[in-house]
Amino acid sequence: MNIKRSGIGKRIVLIVATLIILSACESDAQHAKDSADKPPEPNVSEEMPNETNSLPDQSQRPETSLINAAGETIESRVNTPEGFERVRAEEGSFGHYLRTLPLKPHGSKVRYYDGREKSRGVYEAVIDMDIGDRDLQQCADAVIRLRAEYLFNQKEYDRIHFNFTNGFNAQYSKWMQGYRIAVSGNNVRWTKTSSYSDDYSSFREYLDMVFAYAGTLSLSKELQPVAIEDMEIGDVFIQGGSPGHCVIVVDMAERAQTGERLFMLAQSYMPAQDIQLLKNMQEPLISPWYSSKFGETLLTPEWSFKKTDLKRFAN
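Residues numbered from 1 in each chain as written. Predicted model: local features only at pLDDT ≥ 70, side-chain atom pairs only at ≥ 80, totals over all residues. Heavy atoms only, no water.

Student: Sorry if this is basic, but what is going on with the state of the cysteines here?
Tutor: Each disulfide consists of a covalent bond between the sulfur atoms of two cysteine residues. Tallied over the entire structure, the rule returns zero disulfides. The cysteine Cys139 is free of any disulfide, with Cys246 supplying the nearest cysteine sulfur at 4.5 Å. Cys246 sits in the buried class, given a relative accessible area of 0%. (Disulfide = S-S within 2.5 Å. Buried < 20%, exposed > 50% of the residue type's maximum accessible area, 1.4 Å probe, protein only.)

See below:
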């Protein structure tokens, strides 16, 4: 009897083990299928994300009271946390321009220049601004674009100038006069090929030329260091190089009682894609705001910066 019971017990154990193995195999097969069904993430050849890419995707987090789905600008879409008020930004200033940037409808997806959808849910909103149909407007280019668009709207054409990586100063005022930029290897020169024009289409052609030959390395050299305590809307966290990356401060708020300040960040990335308002995955309860008390390292969804990486346009 004992031997029979022992034999029966072994058969039961074998049957259970077989069922577990079959279940595990079926689960693995389904997982493989699910992975195969997902489109591959686009290749990023230069500005690769760093270790912060391991952060969990919180794109499905519940709506909070900070988000006003009907808002059409950064200012009207994102409320301030309790106890905070937005810092003053005079109408006509760069800060006011950034704060009032138009947004695509709530829930819109970031698109690459070729129409594909960005799969990573690292953003809270999408800036309503064209990016063209070429792989040009990447991270530094988005910052250049916002600065140039502001100055163009203000008709401050002489202040629109950006350096190429080799140091060549691309001045929009010269472009307006009909000069165009000829590039041969590392040699760059102006050549008169057109008549005067200050229309927007010509301005966009100028920007595309800048995007092609400028980057984080050149932009970081143009900007001036600024202390975290002196942060303003329009300042830029930037690490120049290849790879390199940058994000721009597009709004700020302050708690009067303590002086604590919050800020919001926008970026583009590689490949060229819509400018996006970044989530704060470290502190989702105040996202997309970031606290200025982040310590030595600022963690954003696709890059990390040091507090010494904060810089400002000089002019």
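Student: Just to check I follow, could you spell out the packing of aromatic side chains for this structure?
Tutor: The description of two aromatic rings rests on the distance between their centres and on the angle between their planes. Applying the stated criterion across every chain yields a total of 20 aromatic pairs. On the numbers, 6.1 Å between centres and 45° between planes, the contact of Phe237 with Phe305 is tilted. Of the two residues, Phe237 sits in strand β8 (residues 236-239) while Phe305 sits in strand β14 (residues 303-306), which places them 68 residues apart along the sequence. Taking 5.8 Å as the distance between ring centres and 15° as the angle between the ring planes, the aromatic pair formed by Phe263 and Tyr290 counts as stacked. Placement of the pair is Phe263 in strand β10 (residues 261-267) and Tyr290 in strand β12 (residues 290-291), with a sequence separation of 27 residues. One exposure class covers both Phe263 and Tyr290, and it is buried. One aromatic cluster is present, formed by Phe152, Tyr157, Tyr172, Trp175, Tyr200, Phe203 and Tyr206 through successive ring pairs. (Phe/Tyr/Trp six-rings, centres within 6.5 Å; stacked < 30°, edge-to-face > 60°. Helix = DSSP H or I, 4+ residues; strand = E, 2+ residues; numbered from the N terminus.)

Student: Would you explain the pattern of salt bridges in this entry?
Tutor: If charged atoms from side chains of opposite charge come close, those side chains can pair. Throughout the structure, instances matching the rule amount to 15 salt bridges. A salt bridge links Arg99 to Asp251, with the nearest nitrogen and oxygen atoms 2.7 Å apart. In this pair, Arg99 sits in helix α3 (residues 94-99) while Asp251 sits in strand β9 (residues 245-254), placing the two residues 152 residues apart along the sequence. Exposure remark for Arg99: the relative accessible area of 4% places this residue in the buried category. (Salt bridge = Lys/Arg side-chain N within 4 Å of Asp/Glu carboxyl O.)

Student: Whenever I open this one, the packing of helix α4 (residues 139-153) against helix α6 (residues 200-213) confuses me. Can you help?
Tutor: Each pair of packed helices can be described by the angle between their axes along with the distance between the axes. Running from N to C, α4 and α6 cross one another at 150°; their axes reach a closest spacing of 11 Å. Compared by their axis directions, α4 and α6 come out roughly antiparallel. Our pair here, α4 against α6, has a crossing hand that is right-handed. Residues Asp141, Ile144, Arg145, Ala148, Glu149 and Phe152 of α4 touch α6, and the partners they reach there are Tyr200, Phe203, Arg204, Leu207, Val210 and Phe211. Grouping the constituent residues of the contact of α4 with α6 by class yields eight nonpolar, no polar and four charged. (Axes fitted to C-alpha atoms, helices over the stretch in contact; angles between N-to-C directions. Parallel < 35°, antiparallel > 145°, perpendicular 65-115°, else oblique. Left-handed = near helix turned anticlockwise from the far one by under 90°. Contact = heavy atoms within 4.5 Å. Nonpolar A, V, L, I, M, F, W, Y, C, P; charged D, E, K, R; others polar.)

Student: Would you explain the pairing of strand β13 (residues 297-300) in this entry?
Tutor: Along any regular strand the residues' side chains alternate between the sheet's two faces. The two faces of β13 differ: Leu298 and Thr300 on one face are buried, but Thr297 and Leu299 on the other face are not. Taken together, the four bridges between β13 and β14 define a ladder with antiparallel strand orientation. Bridging across to β14, Thr297 finds its partner in Lys306. Adjacent in sequence and paired antiparallel, β13 and β14 are bridged by two residues. (Pairing = 2+ DSSP bridges.)

Student: Looking at this structure, I do not really get the environment of Asp198. What am I missing?
Tutor: Following the sequence through the fold, Asp198 ends up in the loop between β6 (187-192) and α6. Asp198 sits 43 residues away from Lys155 along the chain, and the two C-alpha atoms are 9.5 Å apart. Ignoring sequence-local partners within four residues, the contact set of Asp198 consists of Phe152, Tyr157, Tyr172 and Met176.

Student: Where do I start with the environment of Lys118 in this structure?
Tutor: Along the polypeptide, Lys118 turns up in the loop between α3 and β2 (123-126). By relative accessible area, which is 2% here, Lys118 ends up buried. Residues Lys118 and Gln273, 155 residues apart in the sequence, show an inter-C-alpha distance of 8.2 Å. Excluding residues that lie within four positions of it along the chain, Lys118 makes contacts with Val110, Tyr112, Tyr123, Gln267, Tyr269, Gln273, Gln276 and Glu302. Only 2.9 Å separates the side chain of Lys118 from the side chain of Gln276, close enough to count as a polar contact. (Polar contact = N/O pair within 3.5 Å; in protein donor to acceptor, adjacent residues only side chain to side chain.)

Student: Explain the side chain of Glu260 to me, please; I cannot follow it from the model alone.
Tutor: Checked against the element boundaries, Glu260 lands in the loop between β9 and β10. At 4.2 Å, Arg255 is the nearest oppositely charged side chain to Glu260, a buried residue that forms no salt bridge. Here Ser291 takes part through its side chain, which lies 3.1 Å from a polar atom of the side chain of Glu260. Leave out the neighbours within four places in its chain, and Glu260 touches Phe84, Ala253, Glu254, Arg255, Ser291 and Lys293. (Lys, Arg positive; Asp, Glu negative; His and termini not counted.)

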